[in-house]
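Per-entry structural report
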Amino acid sequence: MALYTTFCPQLPKQFFKLPLSSHPFYHHWTSRFSSSTVSSSAASSNEASRDGFPARIGFLGLGIMGLPMAQNLIKAGCDVTVWNRTKSKCDHLISMGAKYEPSPQEVASACTVTFAMLADPDSALDVACGKYGALHGMTEGKGYVDVSTVDDTTSKLISQRIKSTGASFLEAPVSGSKKPAEDGQLIFLTAGDATLYEMVSPLLDIMGKSRFYLGEIGNGASMKLVVNMIMGSMMASFSEGLLLSEKVGLDPNVLVEVVSQGAISAPMFSMKGPSMVQSKYPPAFPLKHQQKDMRLALGLAESVSQPTPIAAAANELYKAAKSHGLSDQDFSAVLEALKTKLEN
Ligand SMILES: NC(=O)C1=CN([C@@H]2O[C@H](COP(=O)(O)OP(=O)(O)OC[C@H]3O[C@@H](n4cnc5c(N)ncnc54)[C@H](OP(=O)(O)O)[C@@H]3O)[C@@H](O)[C@H]2O)C=CC1
Ligand SMILES: O=CCCC(=O)O
């Protein structure tokens, strides 16, 4: 079964909609994480917890994505310990039964597996390896799963540092935004320690609808950046189309409908188009993160001399949108940068 999952990562979701204690990997998990491989300081916290769940799970970073992901783990009955730089964002989860520790180090020390969902490479590195970083609470037998979107170099560095403690590392950035995170419908793009991948698969299946295991560290990060590079260019192109249709006297709402019925239909256009027409950009995926991903994807392309002129042009629009104060709006606000350009 373990081999099957490793090489056939897209098992049907319903396969996993069982109580975790009846999951085929449950016994593998409990024997790995609740016995001799766990350090004595963590042993008491690794005892089987409520509802028969196997281990304490840490979650670092409770922004737009981290909060609903951690919430789904709690709702599924997992024993979750949280930390966030801005502590108030932990309050809701604490009221749902989460435990709190005052630093990433203390979360990692209390938990068997720690997830991290941070903004960017700098914060991911700092939370993992900084002064009170998770690294200092990691020991052999524990796992660190970074679900943030970062570049392959950052991920390799974090992996190296975590593994130097004897612990295991998995990168697992996600496709899917706020709503899929709330609905447990994310797509995990994982790479790194295959055993840890198998161990955390039941947890990934609580938070997501599918998962890919892509081999060596860096492959998950790179896959995520390629996907988001395409997405960023698509959104910029869609924005041009909306504005052009309006300028030539067409109803952009009708454009959204026409696009939705043809070969270029995309859930993203149908979901975000109507609010874009009204110049509303409620943040699901903040524009600053999309620009970060364009920047990192362009760096990746540069590293292998792959021309990406369309993504480079789109990146300039996201940079312009940031300079117009739109960083914390949804990335569909890139449309505003085009409006400004046309008006200037
Ligand atoms: N939103 C989306 O649709 C998706 C986002 N992603 C990726 O997931 C990651 C998180 O995104 P999202 O939740 O939207 O972002 P948010 O901006 O909502 O949350 C960012 C998180 O990072 C923390 N953080 C930022 N800087 C630091 C720092 N220097 N030290 C410690 N913690 C820090 C924030 O803490 P604080 O609360 O204190 O600010 C917060 O918990 C990003 O890498 C993003 O690219 C991936 C898929 C979809
Ligand atoms: O990184 C953000 C991805 C957003 C999405 O996949 O809808």
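Quantities reported herein were computed from a predicted structural model and do not represent experimental measurements.

1. Some words on the overall build of the protein
Counting secondary structure elements, the protein contains 17 helices and nine strands. For the protein, the proportion of its 344 residues judged to be buried stands at 54%. The contacts in the protein between residues at least 6 apart in sequence include a share of 68% that link residues at least 24 apart. Accessible area of the protein: about 15,000 Å², with a carbon and sulfur share of 57%.

2. Some words on a nonpolar patch on the surface
Residues Val226, Ile230 and Met234 make up a contiguous nonpolar surface patch of roughly 230 Å² in combined accessible area. Here Met234 is to be found in helix 12 (residues 219-247). Met234 gets classed as partly exposed once you look at its relative accessible area, which sits at 31%.

3. A short note on the packing of aromatic side chains
Scanning the entire structure with this criterion turns up five aromatic pairs. Measuring from ring centre to ring centre gives 6.2 Å for Tyr144 and Phe169, while their planes differ by 20 degrees; the resulting arrangement is stacked. Linking Tyr144 in strand 5 (residues 143-146) with Phe169 in strand 6 (residues 168-171), this pair joins segments that are 25 residues apart in sequence. Of the two residues, Tyr144 and Phe169, both sit in the buried class. Geometry around Tyr100 places Lys87 over its ring, the cationic atom sitting 4.6 Å from the centre.

4. Quick look at the site of ligand 1
Not every one of the 25 residues close to ligand 1 is listed here, only the nearest: Asn84, Thr86, Lys89, Ser177 and Lys292. Met65 places a polar main-chain atom, nitrogen or oxygen, 2.9 Å from an oxygen atom of ligand 1. Between ligand 1 and Thr149, the relevant distance is 3.1 Å, taken from an oxygen atom to a main-chain nitrogen or oxygen of the residue. Its free accessible area being 890 Å², ligand 1 has 88% of it covered by the protein chains. For the shell around ligand 1, the secondary-structure elements that each account for two or more residues are helix 8 (121-129) and helix 15 (287-303). Across the shell around ligand 1, the residue classes break down as twelve nonpolar, nine polar and four charged. Each of two domains, domain 1 (6-216) and domain 2 (223-343), supplies a minimum of three residues to the shell around ligand 1.

5. Quick notes on the UniProt feature "domain: 6-phosphogluconate dehydrogenase NADP-binding" (unreviewed entry) in the protein
Sequence positions flagged by UniProt for "domain: 6-phosphogluconate dehydrogenase NADP-binding" (unreviewed entry) are, in local numbering, residues 56-215. Summarising residues 56-215: 39% helix, 24% strand, and an end-to-end C-alpha distance of 26 Å.

6. Observations concerning the side chain of Glu336
Counting through the fold element by element, Glu336 comes out in helix 17 (residues 334-343). Take Glu336: its relative accessible area is 18%, and that puts it in the buried class. Here Lys339 takes part through its side chain, which lies 3.0 Å from a polar atom of the side chain of Glu336. Those residues in contact with Glu336 that lie beyond four places of it in its chain are Ser279, Tyr281 and Leu326.

7. Some thoughts on the domain arrangement of the protein
Domain parsing of the protein yields domain 1 (6-216) and domain 2 (223-343). Contact residues are listed per partner, giving 15 residues for domain 1 and 13 residues for domain 2. Taken together, both faces of the contact between domain 1 and domain 2 bury some 1,000 Å²; the carbon and sulfur share is 71%. Counting across the domain 1 and domain 2 interface gives zero salt bridges. Connecting domain 1 to domain 2 are three residue pairs in polar contact (both at pLDDT 80 or more). Residue classes in the side of domain 1 that touches domain 2 are distributed as eight nonpolar, three polar and four charged.

Thresholds applied
- Residues numbered from 1 in each chain as written.
- Chains lettered and ligands numbered in written order.
- Predicted model: local features only at pLDDT ≥ 70, side-chain atom pairs only at ≥ 80, totals over all residues.
- Heavy atoms only, no water.
- Helix = DSSP H or I, 4+ residues; strand = E, 2+ residues; numbered from the N terminus.
- Buried < 20%, exposed > 50% of the residue type's maximum accessible area, 1.4 Å probe, protein only.
- Contact = heavy atoms within 4.5 Å.
- Areas by Shrake-Rupley, 256 points an atom, 1.4 Å probe, with all protein chains shown as cover.
- Patch = residues over 30% accessible without salt bridge, like charges linked within 9 Å, V, L, I, M, F, W, Y side chains within 5 Å.
- Salt bridge = Lys/Arg side-chain N within 4 Å of Asp/Glu carboxyl O.
- Phe/Tyr/Trp six-rings, centres within 6.5 Å; stacked < 30°, edge-to-face > 60°.
- Lys NZ or Arg CZ within 6 Å of the ring centre and 35° of its normal.
- Near = heavy atom within 4 Å.
- Polar contact = N/O pair within 3.5 Å; in protein donor to acceptor, adjacent residues only side chain to side chain.
- Nonpolar A, V, L, I, M, F, W, Y, C, P; charged D, E, K, R; others polar.
- Domains from an automatic or database assignment.
- UniProt positions renumbered as here; feature names shortened; annotations may be inferred.
- Buried area = accessible area lost by both parts, 1.4 Å probe.

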